[in-house]
Amino acid sequence: MSLRRLAISFLVGVFFATCAAAGPAYSLAECLDVARRQNPEVLAAVKQVEQARALVTVAAAGRLPTLRADGYYQIRERDLATSGGVNPTTRREDYTLTTSLVQSLYSAGAVRERIAIARLNEEIAARSLRAVLDNTALNVRLAFLQVLAAQSAIGIRREGVQILEEQVEDQQGRLKAGTVSSLNVTRAQVTAANERPALIEARRDFQTALIQLAQVMGVKYSAGQSGAPFQIRGVIDLHGPAQDLRGSIIRALAQRPEIEARRFELEAAERQQTVEKAGNRPQVSGFVNHQLFSEPDRNAPRENFNGFTVGLAATWTLFDGLATPGRVRAAQARASGLREALRATEIAVENEVRTAFATLEQARATMRSQAQNVALAREALRLALDNFSAGLATQLDILQAQLDLTRAQVSELGGRVLHATAVARIERAVSSGVGRDAKTVSLLKP
C-alpha cells in the first residue's frame, strides 16, 4: 500500500474514531426505544391520552349525585335591621346554611351519550398516540438508514479516491522513468481531485444524517458539541415485507390507527346528535335539601331553625329560538363530513401501500441490475490494470474503469437503501411497527 493511501486510511480512521468517542453506539432497536421515551411528539401524545382519560371521569360524574353546601352570614346596620324602628326586636345578624343532594333521574339520554363520547375520545387519543409512534418509528428507521448509507458511501468514495491516488503516484514514477508524459500525471491528478469532493460530501451527509436521527430520537446536542452524542451500529436490512400487496392492503385497512380514529370520531359525532336533541326534551332530577337559618326576632326562644326538604325538579325548554334544532343539524352535518373523511383516509392508506410496493419493485430491479454491474465493473478494472501493465491499455482506460466501478457501487447502494426504505414504508402503512407492541401498551395504562 502506498504512503498516500496509508495517510488517507489513517485520516478516515481518525474521523470515525472521533465520532465513536462522542457517545454510545445504538442499534436500531435501541434508537426506537430512546425515541419512544424521549421524542417530544410522543410525550405530547401521551399527555393527550391522559387528558382524554380524565375527561371520561368528568363525563361519568353526570350519573352520580351532586352534593353541595351554600350559605351566607351578614350584619346589617341597626336602622336597616329594624326598618327605622318599626321592628325593634329584629336581629342585626342573619345567616342561612343550605345543603343539597341532587340526582339526575332523566336526561333524555344526554348523560349516557356524553359518557360514551368521552370514552370514544379516549380511544381516539390512544389511536393518535399509536399513529405518532408509528410515524416516529418510520422516521427513526429512515434516519438510521441514511446514516448507514452515508457510512457505506464513505467507504465507496474512499476506495475510489485511494485507487486514483495510487494512479497519480504510479504516473509520477513513470514520468521520472521517462515512459509517460506529464499529461498522464496531470490527467490522473485532475481525476483524483474531482473525486475528493464526493468523499467530503459523503462525510457531510454522515454528520447530517446523525443530526436528523438525534432529532427524531429526542436526543439533544450539548452546547458547543461538534460530534454526535451517539453513534449507530447495524447493517442495511434487506428483508422483505411480511405479506403481499393484497394482504398488506387488507391488514392496513383493518388496523391502521388513523382509520380506527376516524371510525371512533364518526361514532362520537352520531352520539352527539342525541345530546343535542336532549335540549328540547324534559329533564328530571330528585333532590334532598337540609336548611339551617337564623331566627330573625332576638326575643324568640330559638335562635335558628332547620329541616329537610325532599322533592322532584323538572325542566322542559319548549322553545329556545331554534338553537337546539340548529345544533342537531350541525351535529348531523359533522357526522356526514366524518363519513367522507373516513372514506378519504381509507383511500389514502390503500394508495400509500400501493406506492410503497411499487417502490419496492423498483428497488429490487435496481439491485439486481447493479449487483451484476458492480461485478462487471470490478472485472473491467482488473482487466484494465492488467492490460496497462502489458502495454495493451492506456491510462484513460484505468481511470474510466475506476469511475465506472464507483458509479456502479453508488447505484447498487442506492438500490439497497431504496429497498429498505420501501419495506419500512410498507410496515408503517400496515401499522406493524412500535405502535402495537407491549411497550406501547404500557404507555396507555393509567
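Everything numeric here is computed off the predicted structure, so don't read it as measured data.

Asker: What is the right way to look at the overall build of the chain in this model?
Answerer: Along the chain, the regular secondary structure elements total 11 helices and 6 strands. In terms of overall size, the chain is more extended than a compact globule, its C-alpha atoms giving a radius of gyration of 38 Å where 446 residues would be expected to give roughly 22 Å. Structurally, the chain occupies a C-alpha span of about 135 × 50 × 35 Å along its principal axes. Residues counted as buried form 39% of the 446 residues belonging to the chain. For the chain, the proportion of contacts with a sequence separation of at least 24, taken over those separated by at least 6, is 82%. With the model as given, the accessible surface of the chain reaches about 24,100 Å², and the carbon-plus-sulfur share is 56%. A gap of 1 Å separates the mean positions of the 55 positive and 45 negative side-chain charges of the chain.

Asker: Would you mind going over the packing of helix α3 (residues 40-60) against helix α5 (residues 110-177) with me for this structure?
Answerer: Packed helix pairs are characterised by how far apart their axes lie and by the angle those axes make with each other. One can describe the packing of α3 onto α5 by two numbers: an axis separation of 8 Å at closest approach and a directional angle of 170°. Of the possible angle classes, the one that applies to α3 and α5 is roughly antiparallel. Contacts between α3 and α5 pair E41, V42, A45, V46, Q48, V49, A52, R53, L55, V56, A59 and A60 from the former with R114, I115, A118, R119, N121, E122, A125, A126, L129, V132, L133 and T136 from the latter. Among the residues forming the contact of α3 with α5, the class breakdown is 16 nonpolar, 3 polar and 5 charged.

Asker: Just checking my understanding: could you explain the sheet that holds strand β3 (residues 93-106) for this structure?
Answerer: Within a sheet, each strand pairs with its neighbour through backbone hydrogen bonds, oriented either parallel or antiparallel. With respect to topology, 4 strands assemble into an open sheet ordered β2-β3-β5-β6, the strand pairing being antiparallel. Because the sheet does not close on itself, it has two edges, and the strands there are β2 (66-75) and β6 (304-315). The mean angle between the axes of side-by-side strands here comes to 15°, regardless of whether they run parallel or antiparallel. Note: strand β5 (residues 283-294) against β6, 12 bridges, orientation antiparallel. The partner of S294 across the bridge, within β6, is N304.

Asker: What am I meant to see in the layout of surface pockets here?
Answerer: Roughly 260 Å³ of volume is contained in the largest pocket. Lining the largest pocket are 14 residues; nearest its centre among them are A149, A150, A153, D205 and L413. Split by residue class, the lining of the largest pocket holds 9 nonpolar, 2 polar and 3 charged. Taken as a whole, the second largest pocket encloses approximately 200 Å³ of empty space. As for the second largest pocket, its lining consists of L28, R141, F144, L145, L148, V235, I236, D237, H239, A420, V423 and A424. Every element with two or more residues in the lining of the second largest pocket is listed here: α5 and α10 (395-429). In terms of residue count, the dominant contributor to the lining of the second largest pocket is α5 (4 residues). Residues of the lining of the second largest pocket, tallied by class, amount to 9 nonpolar, 1 polar and 2 charged.

Asker: Quick question: what am I supposed to make of helix α6 (residues 182-217) here?
Answerer: In an α-helix, one turn spans 3.6 residues; hence positions three or four apart end up facing the same way. Relative to the 52 Å expected for 36 residues at 1.5 Å per residue, α6 spans 53 Å between its end C-alpha atoms, a close match to the ideal helical length. Looking one or two places after α6, you find G218, whose phi comes out positive at around 80°.

Asker: Would you explain the pattern of salt bridges in this entry?
Answerer: Considering all chains together, one arrives at 33 salt bridges under this definition. Among the ionic pairs, E260 bridges to R127, the shortest N-O distance being 2.7 Å. Here E260, found in helix α8 (residues 257-277), pairs with R127, found in helix α5; they are 133 residues apart in sequence, far enough to count as distant. Using a relative accessible area of 15% as the deciding quantity, one classes E260 as buried. One salt bridge connects R262 with E265, and the closest N-O pair in it is separated by 3.4 Å. Pair noted here: R262 and E265 are both in helix α8, with a separation of 3 residues, about one helical turn. Put simply, D134, R256, E258, E352 and R428 are held in one network by salt bridges that share partners.

Asker: What's the story with unusual backbone geometry in this structure? I'm lost.
Answerer: Most peptide bonds are trans, and most residues other than glycine sit at a negative phi. The residue A108 is not glycine, and still its phi comes out positive at about 60°. By the secondary structure assignment, A108 is in the loop between β3 and α5. Note on A108: relative accessible area 9%, which makes it buried. In this structure, L322 is a non-glycine residue whose phi angle is positive, near 65°. Inspection of the secondary structure assignment puts L322 in the loop between β6 and α9 (323-389).

Asker: Which parts of the structure should I look at to understand the side chain of T82?
Answerer: The residue T82 is located in the loop between α4 (78-81) and β3 in this model. Among the residues examined, T82 registers a relative accessible area of 6% and is labelled buried.

Asker: Explain a nonpolar patch on the surface to me, please; I cannot follow it from the model alone.
Answerer: Taken together, the side chains of L67, L101, V288, F308 and V310 define a hydrophobic patch exposed on the protein surface, amounting to about 520 Å² of accessible area. By the element assignment, L67 lies in strand β2. Since its relative accessible area comes to 62%, L67 is described here as exposed.

What counts as what
Residues numbered from 1 in each chain as written. Predicted model: local features only at pLDDT ≥ 70, side-chain atom pairs only at ≥ 80, totals over all residues. Heavy atoms only, no water. Helix = DSSP H or I, 4+ residues; strand = E, 2+ residues; numbered from the N terminus. Rg over C-alpha atoms; globule rule 2.2 N^0.38 Å. Buried < 20%, exposed > 50% of the residue type's maximum accessible area, 1.4 Å probe, protein only. Contact = heavy atoms within 4.5 Å. Areas by Shrake-Rupley, 256 points an atom, 1.4 Å probe, with all protein chains shown as cover. Lys, Arg positive; Asp, Glu negative; His and termini not counted. Charge placed at Lys NZ, Arg CZ, Asp CG, Glu CD. Axes fitted to C-alpha atoms, helices over the stretch in contact; angles between N-to-C directions. Parallel < 35°, antiparallel > 145°, perpendicular 65-115°, else oblique. Nonpolar A, V, L, I, M, F, W, Y, C, P; charged D, E, K, R; others polar. Pairing = 2+ DSSP bridges. 1 Å grid on protein atoms, 1.4 Å probe; cavity = no way out; pocket = protein on both sides within 12 Å on 5 of 7 lines; lining within 4 Å. Points joined across faces, edges and corners; volume = space filled by probe spheres on them. Expected span 1.5 Å × (residues − 1). Salt bridge = Lys/Arg side-chain N within 4 Å of Asp/Glu carboxyl O. Patch = residues over 30% accessible without salt bridge, like charges linked within 9 Å, V, L, I, M, F, W, Y side chains within 5 Å.

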